[in-house]
Amino acid sequence: MSRAETAGRDPAIRPICLKGGRILDPSRGIDRVQELWLDQGRIAGLGEDAPAALRSRSDVEVIDVSGAVVSPGWVDIHVHLREPGQEDKETIETGTLAAARGGFTTVACMPNTDPPLDDRPRVEYVIRRARESGHARVLPIAAVTRGQAGEALTDIEDLVLAGAVAFSDDGKPVRNAEIMRRALELTRPLGVPVIQHAEDPDLKGSGVVHEGWTSTRIGLKGIPDVAESVMVARDALLAELTGGRVHVAHVSAARSVEIIRKAKARGIAMTAEVTPHHLVLTDEAVSGYDTNTKMNPPLRSTRDREALIEGVVDGTIDCLATDHAPHTEIDKDNDFDSAPFGIIGLETALGLYLKALVEPGHLTLPELLLRMTRKPLEVLGRRGGTLEAGEPADVTVFHPGERWTVRAAESSSRSHNTPFDGWELSGRIWLTIVGGQVTWREQAALASGR
Amino acid sequence: MIGHRKDLLGIEDLGVDEIVSILDTARTFREVLDRPIPKVPSLRGLTAANLFFEASTRTRLSFELAQKRMSADTVSFQSTGSSVSKGETLKDTARNIEAMGIHLVVIRHQSSGAPHFLARNLDASIINAGDGTHEHPTQGLLDIYTMREKKGRIDGLRVAIIGDIMHSRVARSNIWGLTKLGASVTIAGPATMMPAEVERFGVTVAKSVEEAIEGADVVNILRIQLERQRAGLYPSLREYARVYGVTKERLAGARPDAIVMHPGPMNRGVEIAQDVADGAHSVILEQVTNGVAVRMAVLYMLAGRDVPAEPSSEPAPVPPSAPGRAILEAKR
């Protein structure tokens with residue numbers, strides 16, 4: 001199959017008409033009820049703008065999406081698909097199915113696989129596996145250093161030619177400032193960012209939770225907020241020096257938001273993302289030693305959480321990303337220190353974003369969607385994230401008001417490590433379409449016509 | 001009072017009534033320990049497992065002794081290495097315990113929250129004998145018991161806790177218990193070993209050992225662990241002893257009738273001077289004796305309810321004091 005990475009027009013793909021939905025295309029400020037026509041894997045047009053020849057065809061699949069919102073397909077630039085090497089946690093197939101179910105049409109996957117994505121064959125392997133088994137477009141991120149060991153740079157330009165969209169040693173920071181400088185110098189002409197897992201390894205030490213009252217009270221080793229912020233500050237200076245682009249992964253601390261805001265004001269090419277869990281939870285959630293509240297960076301204080309929301313609102317934080325990090329029950333069902341960091345996030349993303357940002361009135365729905373579509377692609381220096389005619393037909397249809405209850409065991413991901421099991425969330429995905437082909441359909445919500 | 005409670009994971013979870021009830025029950029068992037045959041049948045038919053994933057002599061012996069004095073069947077396990085390095089997860093350990101039909105589990109583990117993990121996964125009663133840098137509730141209770149015996153009260157008592165607060169489970173358990181019972185707690189130690197937002201425990205942070213000890217009724221000295229020096233948290237033992245060691249001179253600032261405590265094992269000449277450890281103010285060995293009684297009280301209150309109902313054929317023990325008798329006989 002080639003649902004993912006459908007490059008050109010494919011006449012074999014049956015046309016689709018999404019009827020009755022509220023078209024929300026934040027890239028062009030469109031917000032109105034209209035038909036959306038898809039043909040040959042591309043957006044054909046809105047309402048009357050779609051070609052008359054298409055509109056009169058008899059083989060169009062008309063899907064009534066009345067009451068739902070029709071958005072450009074969502075993009076998550078921070079997921080761990082675990083393939084190759086950790087297929088017990090996740091595969092490209094299961095991870096992208098979780099993506100489709102969560103409304104995502106494109107995911108960028110982190111290179112901390114086993115072995116890491118640090119050379120051309122490995123990046124090509126991921127692209128091929130995504131073609132064969134993927135339910136979403138998969139954009140591979142390659143390692144900054146060989147083996148993510150922090151010592152020798154990977155073949156950066158060759159990896160971009162192979163299809164890498166960014167570079168990161170995620171899971172670990174690029175600790176050596178000289179290597180970070182060289183990576184930024186080499187990526188700058190290629191127009192791709194270095195995505196930094198910003199963390200000073202010495203300040204982090206063996207910490208497992210945010211350093212604060214909770215870590216003091218429950219006796220777990222803390223990770224101070226500055227472990228992140230000093231690295232963000234260093235990278236801002238290196239980005240300024242080199243003109244390269246640094247994207248700060250999963251920002252968690254108020255101080256980091258402040259530094260990024262100042263860096264942007266100085267014209268430094270620095271972007272940032274934030275996860276749903278850092279927007280919704282604080283370190284208080286760790287009180288019961290639930291290992292599904294163990295992630296890196298850790299859940300931080302209320303003040304940090306509020307600063308992250310402010311950062312999203314004023315654009316300091318460019319986009320939202322889940323840091324979907326599957327781990328098996330064997331890994332997670334252990335004492336807190338022994339369990340690995342990370343939680344899954346693709347299927348609960350919408351509900352948590354709505355809860356953190358839209359329901360309290362911090363963002364409008366179009367403002368939220370901008371940060372899930374156009375903005376993450378801009379971070380990678382890519383086009384898209386729009387329903388403009390001629391663009392790939394990547395579409396997400398969802399009902400923001402429908403309530404549902406998270407059932408971790410029913411996740412499409414191979415792993416079920418989420419702290420949100422049993423939570424009631426708003427926002428149900430009705431339909432996910434990649435290149436004109438349906439990758440997820442909520443049967444109960446949709447009646448297919450004609 | 002803790003009859004409804006399955007586990008003892010920390011003093012933070014306990015109400016004032018529960019703490020007082022444990023202390024009162026411990027006094028009854030303290031009397032049992034002075035009898036010619038210091039044994040009661042309270043845990044007869046029950047099996048206790050002492051799982052020590054971290055080295056311990058005193059606490060493990062104290063629990064074993066408490067269990068034997070109460071006629072429980074006892075098995076003990078000590079592993080100096082990490083269980084994880086041997087490939088067995090705590091979950092599997094829990095399953096094994098279940099399969100062996102153990103009623104009471106005493107666990108010491110290097111990871112904070114490990115007893116909570118077992119408590120969630122097992123029907124057996126779990127007693128935390130020290131988890132990582134979190135709590136060591138029976139040590140806290142025996143410290144408070146000793147203070148109450150010596151001073152006659154806890155409310156209004158001035159207690160100084162000196163040393164590595166950050167890594168001390170003894171400090172946390174003491175602080176929770178003492179503040180709940182109305183003591184005024186002052187702590188002192190190197191800034192590198194002072195945990196974040198520590199004042200939210202409701203304690204006063206002193207600028208120096210002298211300031212903390214000034215006017216204290218109780219000086220509780222924490223053990224300094226040598227690996228903290230390797231982690232760079234203090235420059236040298238010499239420096240630590242000079243700045244934070246409790247010496248006779250420093251102790252002179254305390255009340256004349258102050259008591260000196262230490263959870264052991266002591267680094268003599270480092271956190272505590274020789275003449276303080278063995279001096280007239282020291283109640284360190286009494287803490288050890290009281291520890292057995294306090295652990296008996298905790299075991300009794302958690303598991304006593306499960307004692308089989310059939311009458312005992314053993315000769316009745318020498319009757320203790322009236323309230324104690326009621327407690328001991330009600331469960332036989």
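One can find the structure itself at the top, above this paragraph.
Given the structure is predicted, the values throughout are model-derived calculations rather than measurements.

Caption draft 1: Focus on the overall build of chain A. Along chain A, the regular secondary structure elements total 15 helices and 21 strands. Here the C-alpha atoms of chain A give a radius of gyration of 21 Å, agreeing with the 22 Å that 2.2 N^0.38 yields for 450 residues. Considering only C-alpha atoms, chain A reaches an extent of 65 × 45 × 45 Å along its principal axes. In chain A, buried positions account for 61% of the 450 residues. Sequence-distant contacts in chain A: of pairs separated by 6 or more residues, those separated by 24 or more amount to 75%. Of the accessible surface of chain A, which amounts to about 15,500 Å², a share of 47% is contributed by carbon and sulfur atoms. Charge-centre separation for chain A: the mean point of 52 positive side chains lies 3 Å from the mean point of 66 negative side chains.

Caption draft 2: Geometry of the pattern of salt bridges. Applying the stated criterion to the full structure yields 48 salt bridges over all chains. Two residues, A:Glu132 and A:Arg129, come together in a salt bridge whose shortest N-O distance is 2.9 Å. Residue A:Glu132 and its partner A:Arg129 are both found in helix H3 (residues 120–133); the two are separated by three residues, about one turn of the helix. Judged by its relative accessible area of 42%, A:Glu132 falls in the partly exposed class. B:Arg200 is the partner of B:Glu197 in a salt bridge, and the nearest nitrogen-oxygen pair spans 2.9 Å. Each of A:Glu83, A:Arg128, A:Arg129 and A:Glu132 takes part in salt bridges that share partners, so that together they form one network.

Caption draft 3: Region of the structure containing the sheet that holds strand E9 (residues 104–109) of chain A. All names here are of chain A. Within the open sheet, the eight strands sit side by side as E8-E9-E10-E11-E12-E15-E16-E17. Their pairing is parallel. Two strands lie at the open edges of the sheet, namely strand E8 (74–79) and strand E17 (319–320), each paired on one side alone. Both strand E16 (residues 270–274) and E17 contribute to a ladder of two bridges, which runs parallel. Looking at E17, one finds that glutamate 273 is bridged to cysteine 319. Each of E9 and strand E10 (137–142) touches H3; the most contacted strand, E10, lies at about 170° to it.

Caption draft 4: A look at the pairing of strand E6 (residues 184–188) of chain B. Residue and element names in this part refer to chain B. With four of five residues buried, E6 lies mostly within the body of the structure. For strand E5 (residues 158–162) and E6, the ladder comprises five bridges, and the chain directions are parallel. Directly across from valine 159, in E6, lies its bridge partner valine 185. With respect to chirality, the unit in which E5 leads through helix H6 (residues 169–180) into the neighbouring parallel E6 is right-handed. Inspection of the sheet shows E6 paired to strand E7 (residues 204–205) by two bridges, in the parallel sense. In the sheet register, isoleucine 187 faces E7, and the bridge partner there is valine 205.

Caption draft 5: Structural detail: the packing of aromatic side chains. Enumeration over the complete set of coordinates arrives at nine aromatic pairs over all chains. Aromatic pair B:Tyr240 and B:Tyr244: ring centres 5.4 Å apart, planes at 35°, arrangement tilted. Of this pair, B:Tyr240 and B:Tyr244 both sit in helix H9 (residues 237–244), separated by four residues, roughly a single helical turn. In this pair, the class of B:Tyr240 matches that of B:Tyr244, namely buried. Put simply, the rings of A:Trp74, A:Phe104 and A:Phe398 pair up and form one aromatic cluster. Stacked on the ring of A:Phe341, the Lys or Arg A:Lys294 has its end atom at 4.7 Å from the ring centre.

Caption draft 6: Inspection of empty space enclosed by the protein at higher detail. All names here are of chain A. Per the counting criterion, the structure on display carries two cavities of 30 Å³ or more. Counted as a void, the largest cavity has a volume near 40 Å³. Along its surface, the largest cavity is lined by Ala198, Glu199, Ile223, Ala227, Glu228, His250, Asn296, Pro297 and Arg300. The residue makeup of the lining of the largest cavity, split by class, is four nonpolar, two polar and three charged. In this structure, the second largest cavity encloses a volume near 30 Å³. Along the walls of the second largest cavity sit Ser252, His278, Leu281, Arg300, Ser301, Asp304, Arg305 and Leu308, which together make up its complete lining. When the residues that make up the lining of the second largest cavity are grouped by side-chain class, the tally is two nonpolar, three polar and three charged.

Caption draft 7: Region of interest: H6(B). All names here are of chain B. Its twelve residues place the ends of H6 17 Å apart at the C-alpha level, agreeing with the 16 Å of an ideal helix rising 1.5 Å per residue. H6 sits mainly inside the fold: ten of its twelve residues count as buried. Three or more residues of H6 are buried, namely Arg169, Val170, Ala171, Arg172, Ser173, Asn174, Ile175, Trp176, Gly177 and Leu178. Positioned one or two residues after H6, glycine 182 has a phi angle of 95°, which is positive.

Caption draft 8: Up close: H3(A). Residue and element names in this part refer to chain A. Taking 1.5 Å per residue, 14 residues should reach 20 Å; H3 reaches 20 Å between its end C-alpha atoms and fits that length. Residues of H3 that are buried: Val123, Val126, Ile127, Ala130 and Ser133. Along H3, the residues classed as buried sweep out an arc of 160° about the axis, all on the same side. In this structure, the buried residues of H3 make contact with helix H2 (92–101), E9, E10 and helix H4 (156–162).

Caption draft 9: Quick look at the interface of chain A and chain B. Listed per partner, the contact involves 16 residues of chain A and 25 residues of chain B. With both chains or domains summed, chain A and chain B bury close to 1,700 Å², and 52% of this area falls on carbon and sulfur atoms. Broken down residue by residue, the surface that chain A buries against chain B is led by A:Trp213, A:Thr216 and A:Tyr289, which jointly contribute 38%. In this structure, the connection of chain A to chain B is made through two salt bridges. We note a salt bridge from B:Lys91 to A:Asp333, for which the minimum N-O separation is 2.7 Å. In the side of chain A that touches chain B, the residues fall into five nonpolar, six polar and five charged.

Caption draft 10: A look at the sheet that holds strand E3 (residues 104–109) of chain B. All names here are of chain B. Read from one edge of the open sheet, four strands run E2-E1-E3-E4, paired in parallel fashion. Of all strands in the sheet, those with a lone pairing partner are strand E2 (73–78) and strand E4 (125–131), marking the two edges. This sheet shows a mean twist of 10° between the axes of neighbouring strands, independent of strand direction.

Caption draft 11: Region of the structure containing the nonpolar core. Judged by nonpolar contacts, the single largest core of 86 residues is most densely connected at A:Val248, A:Met270, A:Leu279, A:Leu320, A:Leu357 and A:Leu368. At seven residues, the largest contribution of residues to this core is made by helix H13 (residues 349–358) of chain A. Those residues within four positions of A:Leu320 in sequence are excluded, and the remaining contacts are A:Val75, A:Val274, A:Leu279, A:Val312, A:Tyr353, A:Leu357, A:Leu368, A:Arg371 and A:Met372. Counting 63 residues, the second largest nonpolar core, distinct from the first, contains B:Phe29, B:Leu142, B:Tyr145 and B:Val185.

Here is what the cut-offs are and how they apply
Residues numbered from 1 in each chain as written. Chains lettered and ligands numbered in written order. Predicted model: local features only at pLDDT ≥ 70, side-chain atom pairs only at ≥ 80, totals over all residues. Heavy atoms only, no water. Helix = DSSP H or I, 4+ residues; strand = E, 2+ residues; numbered from the N terminus. Rg over C-alpha atoms; globule rule 2.2 N^0.38 Å. Buried < 20%, exposed > 50% of the residue type's maximum accessible area, 1.4 Å probe, protein only. Contact = heavy atoms within 4.5 Å. Areas by Shrake-Rupley, 256 points an atom, 1.4 Å probe, with all protein chains shown as cover. Lys, Arg positive; Asp, Glu negative; His and termini not counted. Charge placed at Lys NZ, Arg CZ, Asp CG, Glu CD. Salt bridge = Lys/Arg side-chain N within 4 Å of Asp/Glu carboxyl O. Pairing = 2+ DSSP bridges. Axes fitted to C-alpha atoms, helices over the stretch in contact; angles between N-to-C directions. Right-handed = clockwise from strand over helix to strand, strands pointing away. Phe/Tyr/Trp six-rings, centres within 6.5 Å; stacked < 30°, edge-to-face > 60°. Lys NZ or Arg CZ within 6 Å of the ring centre and 35° of its normal. 1 Å grid on protein atoms, 1.4 Å probe; cavity = no way out; pocket = protein on both sides within 12 Å on 5 of 7 lines; lining within 4 Å. Points joined across faces, edges and corners; volume = space filled by probe spheres on them. Nonpolar A, V, L, I, M, F, W, Y, C, P; charged D, E, K, R; others polar. Expected span 1.5 Å × (residues − 1). Arc of directions from axis to C-beta. Buried area = accessible area lost by both parts, 1.4 Å probe. Core = buried A, V, L, I, M, F, W, Y, C linked by side-chain atoms within 4.5 Å.

Shape is all these values report; function is a separate question.
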